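What follows is the residue order along each chain.
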Amino acid sequence: MPVVSDVEEPTTDADAAGEGLPINEVFYSLQGEGTLAGVPSVFVRTSGCNLRCWFCDSYHTSWEPTGAWRDVDTIVEEVQSHEQANHVVLTGGEPLIHEESIDLLERLDAEGYHTTVETNGTIYRDAPIDLASISPKLASSTPTPDRDPKGEGEWEEKHEQNRIDMDALSQMVDDYETQLKFVVTDETDLPEITDLVDRVRAAATTTIADDDVLLMPEGMTREQLDGTRSQVAELAMEYGYRYTPRLHVDLWNDAPGT
Ligand SMILES: C[S@@+](CC[C@H](N)C(=O)[O-])C[C@H]1O[C@@H](n2cnc3c(N)ncnc32)[C@H](O)[C@@H]1O
Ligand SMILES: Nc1nc2[nH]cc(C(=O)O)c2c(=O)[nH]1
Ligand code: SF4
Ligand SMILES: [Mg+2]
(Lines give C-alpha, C1' and ligand atoms only; values in the text may rest on other atoms or scores of the structure.)
(Ligands and ions follow the chains in the order given, each with its own letter.)
Protein backbone atom coordinates (compact mmCIF):
# COMPACT_ATOMS: atom_id res chain seq x y z
CA MET A 1 0.00 0.00 0.00
CA PRO A 2 1.49 3.37 -0.94
CA VAL A 3 2.39 5.37 2.12
CA VAL A 4 0.62 8.68 2.52
CA SER A 5 2.80 11.74 2.97
CA ASP A 6 2.23 13.14 6.47
CA VAL A 7 -1.16 14.84 6.37
CA GLU A 8 -1.49 17.01 9.45
CA GLU A 9 -3.14 20.22 8.36
CA PRO A 10 -6.61 20.76 6.90
CA THR A 11 -6.46 20.29 3.13
CA THR A 12 -8.26 21.93 0.25
CA ASP A 13 -8.71 20.24 -3.12
CA ALA A 14 -5.78 22.21 -4.45
CA ASP A 15 -3.52 21.21 -1.57
CA ALA A 16 -4.36 17.53 -1.63
CA ALA A 17 -1.52 15.28 -2.68
CA GLY A 18 -3.85 13.43 -5.04
CA GLU A 19 -7.45 13.20 -6.17
CA GLY A 20 -9.78 11.75 -3.56
CA LEU A 21 -8.92 10.74 -0.03
CA PRO A 22 -6.06 8.87 1.63
CA ILE A 23 -7.80 5.71 2.83
CA ASN A 24 -6.34 3.45 5.51
CA GLU A 25 -9.17 0.88 5.49
CA VAL A 26 -12.82 0.22 4.62
CA PHE A 27 -14.60 -2.52 6.56
CA TYR A 28 -18.03 -3.75 7.66
CA SER A 29 -18.66 -4.18 11.39
CA LEU A 30 -21.00 -3.20 14.22
CA GLN A 31 -20.74 0.38 15.43
CA GLY A 32 -18.89 -0.22 18.68
CA GLU A 33 -19.13 3.18 20.33
CA GLY A 34 -21.77 5.71 21.27
CA THR A 35 -25.54 5.96 20.97
CA LEU A 36 -25.61 3.82 17.80
CA ALA A 37 -23.53 0.97 19.30
CA GLY A 38 -24.62 -2.33 17.80
CA VAL A 39 -25.77 -0.94 14.43
CA PRO A 40 -24.27 -2.70 11.36
CA SER A 41 -22.13 -0.08 9.63
CA VAL A 42 -19.50 0.34 6.96
CA PHE A 43 -16.40 2.13 8.30
CA VAL A 44 -14.34 4.38 6.04
CA ARG A 45 -11.06 5.26 7.75
CA THR A 46 -9.05 8.16 6.32
CA SER A 47 -5.36 8.61 7.07
CA GLY A 48 -3.70 11.67 8.59
CA CYS A 49 -4.42 13.61 11.79
CA ASN A 50 -3.75 17.05 13.24
CA LEU A 51 -3.36 15.63 16.80
CA ARG A 52 -1.27 12.85 18.35
CA CYS A 53 -3.04 11.23 21.31
CA TRP A 54 -0.54 8.94 23.06
CA PHE A 55 -3.25 6.23 23.29
CA CYS A 56 -4.43 6.45 19.66
CA ASP A 57 -5.83 3.05 18.68
CA SER A 58 -5.38 3.94 14.99
CA TYR A 59 -1.60 4.43 15.05
CA HIS A 60 -1.32 3.95 11.27
CA THR A 61 -3.49 7.00 10.60
CA SER A 62 -1.83 9.37 13.08
CA TRP A 63 1.69 8.52 14.30
CA GLU A 64 2.56 6.58 11.10
CA PRO A 65 0.00 7.68 8.51
CA THR A 66 -0.48 4.89 5.99
CA GLY A 67 -2.99 4.47 3.20
CA ALA A 68 -3.70 4.77 -0.50
CA TRP A 69 -5.43 7.64 -2.30
CA ARG A 70 -8.84 6.58 -3.59
CA ASP A 71 -11.37 8.65 -5.48
CA VAL A 72 -14.83 9.21 -4.04
CA ASP A 73 -16.54 6.98 -6.67
CA THR A 74 -14.34 4.02 -5.75
CA ILE A 75 -14.99 4.53 -2.02
CA VAL A 76 -18.77 4.73 -2.57
CA GLU A 77 -18.66 1.53 -4.68
CA GLU A 78 -16.82 -0.28 -1.91
CA VAL A 79 -19.34 0.95 0.67
CA GLN A 80 -22.21 -0.27 -1.56
CA SER A 81 -20.62 -3.71 -1.85
CA HIS A 82 -21.68 -4.28 1.78
CA GLU A 83 -25.32 -4.59 0.82
CA GLN A 84 -26.77 -5.07 4.31
CA ALA A 85 -25.57 -1.70 5.65
CA ASN A 86 -27.57 1.52 5.80
CA HIS A 87 -25.10 3.30 8.07
CA VAL A 88 -21.66 4.61 7.21
CA VAL A 89 -19.10 5.77 9.78
CA LEU A 90 -16.46 8.15 8.46
CA THR A 91 -13.47 8.06 10.78
CA GLY A 92 -9.69 8.28 10.77
CA GLY A 93 -7.25 9.69 11.63
CA GLU A 94 -9.12 12.94 11.56
CA PRO A 95 -11.53 12.79 8.60
CA LEU A 96 -12.35 16.50 8.69
CA ILE A 97 -8.80 17.64 7.90
CA HIS A 98 -9.68 16.56 4.31
CA GLU A 99 -11.90 18.87 2.27
CA GLU A 100 -12.76 15.90 0.04
CA SER A 101 -14.60 14.32 3.00
CA ILE A 102 -17.42 16.77 2.19
CA ASP A 103 -17.79 15.28 -1.32
CA LEU A 104 -17.82 11.77 0.11
CA LEU A 105 -20.49 12.68 2.68
CA GLU A 106 -22.61 14.37 -0.02
CA ARG A 107 -22.43 11.27 -2.21
CA LEU A 108 -23.29 8.95 0.69
CA ASP A 109 -26.21 11.19 1.66
CA ALA A 110 -27.50 11.19 -1.93
CA GLU A 111 -27.35 7.37 -1.90
CA GLY A 112 -29.55 7.36 1.22
CA TYR A 113 -27.01 6.38 3.88
CA HIS A 114 -27.09 7.56 7.49
CA THR A 115 -23.69 9.11 8.14
CA THR A 116 -21.80 9.31 11.41
CA VAL A 117 -18.54 11.27 11.50
CA GLU A 118 -16.05 10.37 14.23
CA THR A 119 -14.08 13.57 14.83
CA ASN A 120 -11.86 15.21 17.40
CA GLY A 121 -13.92 18.41 17.03
CA THR A 122 -11.10 20.76 16.05
CA ILE A 123 -12.24 21.41 12.44
CA TYR A 124 -15.70 22.49 11.34
CA ARG A 125 -16.96 21.43 7.89
CA ASP A 126 -20.36 22.10 6.33
CA ALA A 127 -21.53 18.66 5.15
CA PRO A 128 -24.51 16.27 5.36
CA ILE A 129 -23.62 14.69 8.71
CA ASP A 130 -26.44 12.82 10.47
CA LEU A 131 -24.51 12.30 13.70
CA ALA A 132 -21.40 14.26 14.67
CA SER A 133 -19.65 11.94 17.11
CA ILE A 134 -17.25 14.40 18.67
CA SER A 135 -14.45 13.20 20.93
CA PRO A 136 -12.74 16.33 22.31
CA LYS A 137 -9.30 15.54 23.57
CA LEU A 138 -8.44 16.05 27.25
CA ALA A 139 -5.10 16.95 28.84
CA SER A 140 -4.65 13.25 29.65
CA SER A 141 -4.36 12.51 25.89
CA THR A 142 -1.25 14.66 25.44
CA PRO A 143 1.90 12.79 24.33
CA THR A 144 4.33 13.87 27.05
CA PRO A 145 7.89 12.49 26.70
CA ASP A 146 7.15 9.60 29.11
CA ARG A 147 4.03 8.55 27.14
CA ASP A 148 5.13 9.23 23.55
CA PRO A 149 4.68 6.01 21.51
CA LYS A 150 7.20 7.14 18.89
CA GLY A 151 9.59 9.93 19.86
CA GLU A 152 10.46 11.98 22.92
CA GLY A 153 7.58 14.39 23.23
CA GLU A 154 8.05 16.30 19.96
CA TRP A 155 4.25 16.55 19.52
CA GLU A 156 3.43 17.61 23.08
CA GLU A 157 3.19 21.36 22.46
CA LYS A 158 1.35 21.20 19.13
CA HIS A 159 -1.16 18.66 20.47
CA GLU A 160 -1.73 20.76 23.59
CA GLN A 161 -2.26 23.93 21.51
CA ASN A 162 -4.66 22.39 19.01
CA ARG A 163 -6.71 19.86 20.96
CA ILE A 164 -9.62 22.22 21.79
CA ASP A 165 -11.19 24.72 19.38
CA MET A 166 -14.26 26.17 21.06
CA ASP A 167 -15.56 27.83 17.85
CA ALA A 168 -15.42 24.59 15.88
CA LEU A 169 -16.96 22.63 18.76
CA SER A 170 -19.87 25.00 19.32
CA GLN A 171 -20.61 25.36 15.60
CA MET A 172 -20.74 21.59 15.23
CA VAL A 173 -23.08 21.29 18.21
CA ASP A 174 -25.35 23.97 16.72
CA ASP A 175 -25.43 22.52 13.19
CA TYR A 176 -25.58 18.75 13.75
CA GLU A 177 -27.09 16.12 15.96
CA THR A 178 -24.18 15.58 18.32
CA GLN A 179 -22.70 13.30 20.93
CA LEU A 180 -19.71 14.39 23.01
CA LYS A 181 -17.69 11.22 23.65
CA PHE A 182 -14.80 11.58 26.07
CA VAL A 183 -12.03 9.01 26.45
CA VAL A 184 -11.61 8.60 30.21
CA THR A 185 -8.31 7.36 31.62
CA ASP A 186 -9.28 7.81 35.31
CA GLU A 187 -11.31 10.00 37.69
CA THR A 188 -8.92 12.95 37.35
CA ASP A 189 -10.39 13.57 33.85
CA LEU A 190 -13.83 14.46 35.20
CA PRO A 191 -13.30 18.09 36.35
CA GLU A 192 -11.95 18.91 32.88
CA ILE A 193 -14.95 17.22 31.24
CA THR A 194 -17.54 19.09 33.33
CA ASP A 195 -15.71 22.38 32.71
CA LEU A 196 -15.50 21.76 28.95
CA VAL A 197 -19.18 20.78 28.73
CA ASP A 198 -20.09 24.00 30.60
CA ARG A 199 -18.01 26.05 28.17
CA VAL A 200 -19.56 24.42 25.08
CA ARG A 201 -23.03 24.95 26.59
CA ALA A 202 -22.23 28.64 27.07
CA ALA A 203 -20.87 29.03 23.52
CA ALA A 204 -23.58 27.07 21.67
CA THR A 205 -27.24 27.93 21.19
CA THR A 206 -28.36 24.30 21.11
CA THR A 207 -29.05 22.53 24.39
CA ILE A 208 -26.65 19.73 25.33
CA ALA A 209 -28.38 17.18 27.55
CA ASP A 210 -26.34 15.21 30.09
CA ASP A 211 -27.11 12.04 28.15
CA ASP A 212 -25.50 13.56 25.03
CA VAL A 213 -22.26 13.45 27.05
CA LEU A 214 -20.65 10.02 26.89
CA LEU A 215 -17.84 8.58 28.96
CA MET A 216 -15.81 5.90 27.16
CA PRO A 217 -13.12 3.87 28.93
CA GLU A 218 -9.60 4.18 27.53
CA GLY A 219 -8.21 0.94 26.18
CA MET A 220 -7.53 -0.65 22.83
CA THR A 221 -7.49 -4.24 24.10
CA ARG A 222 -9.84 -6.26 26.35
CA GLU A 223 -7.07 -6.46 28.93
CA GLN A 224 -6.66 -2.68 29.02
CA LEU A 225 -10.44 -2.18 29.22
CA ASP A 226 -10.57 -4.62 32.14
CA GLY A 227 -8.59 -1.97 34.01
CA THR A 228 -10.83 1.01 33.15
CA ARG A 229 -14.44 0.06 32.29
CA SER A 230 -15.89 -0.49 35.81
CA GLN A 231 -14.48 2.76 37.13
CA VAL A 232 -15.74 4.71 34.10
CA ALA A 233 -19.22 3.14 34.48
CA GLU A 234 -19.28 4.27 38.13
CA LEU A 235 -18.21 7.77 37.11
CA ALA A 236 -21.04 7.95 34.53
CA MET A 237 -23.54 7.14 37.29
CA GLU A 238 -21.97 9.63 39.70
CA TYR A 239 -22.05 12.53 37.21
CA GLY A 240 -25.27 11.64 35.35
CA TYR A 241 -23.51 11.23 32.00
CA ARG A 242 -23.97 8.28 29.62
CA TYR A 243 -21.53 5.36 29.60
CA THR A 244 -20.51 3.91 26.26
CA PRO A 245 -18.86 0.54 25.90
CA ARG A 246 -16.26 -0.28 23.26
CA LEU A 247 -18.38 -3.13 21.95
CA HIS A 248 -15.99 -4.03 19.10
CA VAL A 249 -13.13 -4.47 21.59
CA ASP A 250 -15.33 -6.60 23.87
CA LEU A 251 -16.33 -8.75 20.87
CA TRP A 252 -13.16 -8.92 18.78
CA ASN A 253 -10.40 -7.45 20.94
CA ASP A 254 -7.93 -5.54 18.72
CA ALA A 255 -8.37 -7.65 15.56
CA PRO A 256 -7.81 -5.66 12.35
CA GLY A 257 -10.88 -4.61 10.34
CA THR A 258 -13.29 -4.67 13.29
C1 LIG B 1 -9.17 6.80 16.17
S2 LIG B 1 -10.34 8.06 16.53
C3 LIG B 1 -10.65 8.77 14.92
C4 LIG B 1 -11.59 9.94 14.94
C5 LIG B 1 -11.05 11.24 15.54
N6 LIG B 1 -9.69 11.48 15.21
C7 LIG B 1 -11.25 11.24 17.04
O8 LIG B 1 -10.27 11.13 17.78
O9 LIG B 1 -12.40 11.36 17.46
C10 LIG B 1 -11.87 7.14 16.80
C11 LIG B 1 -12.39 7.09 18.23
O12 LIG B 1 -11.52 6.26 19.00
C13 LIG B 1 -11.28 6.88 20.24
N14 LIG B 1 -10.05 6.30 20.76
C15 LIG B 1 -8.82 6.32 20.19
N16 LIG B 1 -7.93 5.63 20.93
C17 LIG B 1 -8.61 5.16 22.01
C18 LIG B 1 -8.26 4.39 23.15
N19 LIG B 1 -7.00 3.95 23.36
N20 LIG B 1 -9.22 4.09 24.04
C21 LIG B 1 -10.50 4.52 23.87
N22 LIG B 1 -10.90 5.25 22.81
C23 LIG B 1 -9.97 5.57 21.90
C24 LIG B 1 -11.25 8.35 19.89
O25 LIG B 1 -11.41 9.20 21.00
C26 LIG B 1 -12.43 8.44 18.94
O27 LIG B 1 -13.65 8.56 19.65
N1 LIG C 1 -16.54 -1.48 15.39
C2 LIG C 1 -15.97 -0.27 15.48
N3 LIG C 1 -16.70 0.77 15.94
C4 LIG C 1 -16.11 1.99 15.94
N5 LIG C 1 -16.66 3.17 16.29
C6 LIG C 1 -15.77 4.15 16.10
C7 LIG C 1 -14.59 3.60 15.60
C8 LIG C 1 -13.46 4.41 15.15
O9 LIG C 1 -12.33 3.93 15.07
O10 LIG C 1 -13.71 5.59 14.87
C11 LIG C 1 -14.79 2.22 15.51
C12 LIG C 1 -14.01 1.09 15.09
O13 LIG C 1 -12.81 1.14 14.78
N14 LIG C 1 -14.66 -0.12 15.07
S1 SF4 D 1 -7.38 12.68 17.36
FE2 SF4 D 1 -8.21 10.65 16.91
S3 SF4 D 1 -6.95 9.83 15.21
FE4 SF4 D 1 -5.92 11.67 15.99
S5 SF4 D 1 -4.41 10.84 17.38
FE6 SF4 D 1 -6.24 11.31 18.64
S7 SF4 D 1 -7.49 9.40 18.65
FE8 SF4 D 1 -5.92 9.20 17.03
MG1 LIG E 1 -11.55 2.46 16.38
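Residues numbered from 1 in each chain as written. Chains lettered and ligands numbered in written order. Predicted model: local features only at pLDDT ≥ 70, side-chain atom pairs only at ≥ 80, totals over all residues. Heavy atoms only, no water.

An unreviewed UniProt entry lists the protein under the name 7-carboxy-7-deazaguanine synthase, with Halorubrum ruber as the source organism. Its UniProt record gives the protein the following Subunit (unreviewed entry) comment, quoted word for word: "Homodimer." (UniProt positions renumbered as here; feature names shortened; annotations may be inferred.)

Draft legend 1. Region of the structure containing the packing of helix α1 (residues 72-80) against helix α2 (residues 100-110). Contact geometry of α1 with α2 gives a least axis separation of 10 Å together with a crossing angle of 45 degrees. Classed by the angle they form, the pair α1 and α2 counts as oblique. Here the hand of the crossing between α1 and α2 comes out right-handed. Residue-level inspection shows V72, D73, I75, V76 and V79 of α1 in contact with α2, the latter providing E100, D103, L104, R107 and L108. (Axes fitted to C-alpha atoms, helices over the stretch in contact; angles between N-to-C directions. Helix = DSSP H or I, 4+ residues; strand = E, 2+ residues; numbered from the N terminus. Parallel < 35°, antiparallel > 145°, perpendicular 65-115°, else oblique. Left-handed = near helix turned anticlockwise from the far one by under 90°. Contact = heavy atoms within 4.5 Å.)

Draft legend 2. Quick look at helix α5 (residues 190-203). Along its 14 residues, α5 runs 20 Å from first to last C-alpha, staying within 8% of the 20 Å computed at 1.5 Å per residue. Among the residues of α5, those classed as buried are L190, I193, L196, V197 and V200. Looking straight down α5, one finds its buried side chains confined to an arc of 125 degrees; they lie on one side. Among the exposed residues of α5, those pointing more than 90 degrees away from its buried face are P191 and A202. On its buried face, α5 is in contact with α4 (166-175), β7 (178-184), β8 (213-217) and α7 (229-239). (Expected span 1.5 Å × (residues − 1). Buried < 20%, exposed > 50% of the residue type's maximum accessible area, 1.4 Å probe, protein only. Arc of directions from axis to C-beta.)

Draft legend 3. Region of interest: the site of ligand 1. In the vicinity of ligand 1 there are 21 residues, among which F55, G93, S135, K137 and G219 approach most closely. Here a nitrogen atom of ligand 1 sits 3.1 Å away from a polar atom, N or O, in the main chain of D57. At a separation of 3.2 Å, an oxygen atom of ligand 1 approaches a polar backbone atom of T119. In isolation ligand 1 offers 540 Å² of accessible surface; the protein chains occlude 95% of this area. Breaking the shell around ligand 1 down by element, the ones donating at least two residues are β5 (114-119), β7 and β8. (Near = heavy atom within 4 Å. Polar contact = N/O pair within 3.5 Å; in protein donor to acceptor, adjacent residues only side chain to side chain. Areas by Shrake-Rupley, 256 points an atom, 1.4 Å probe, with all protein chains shown as cover.)

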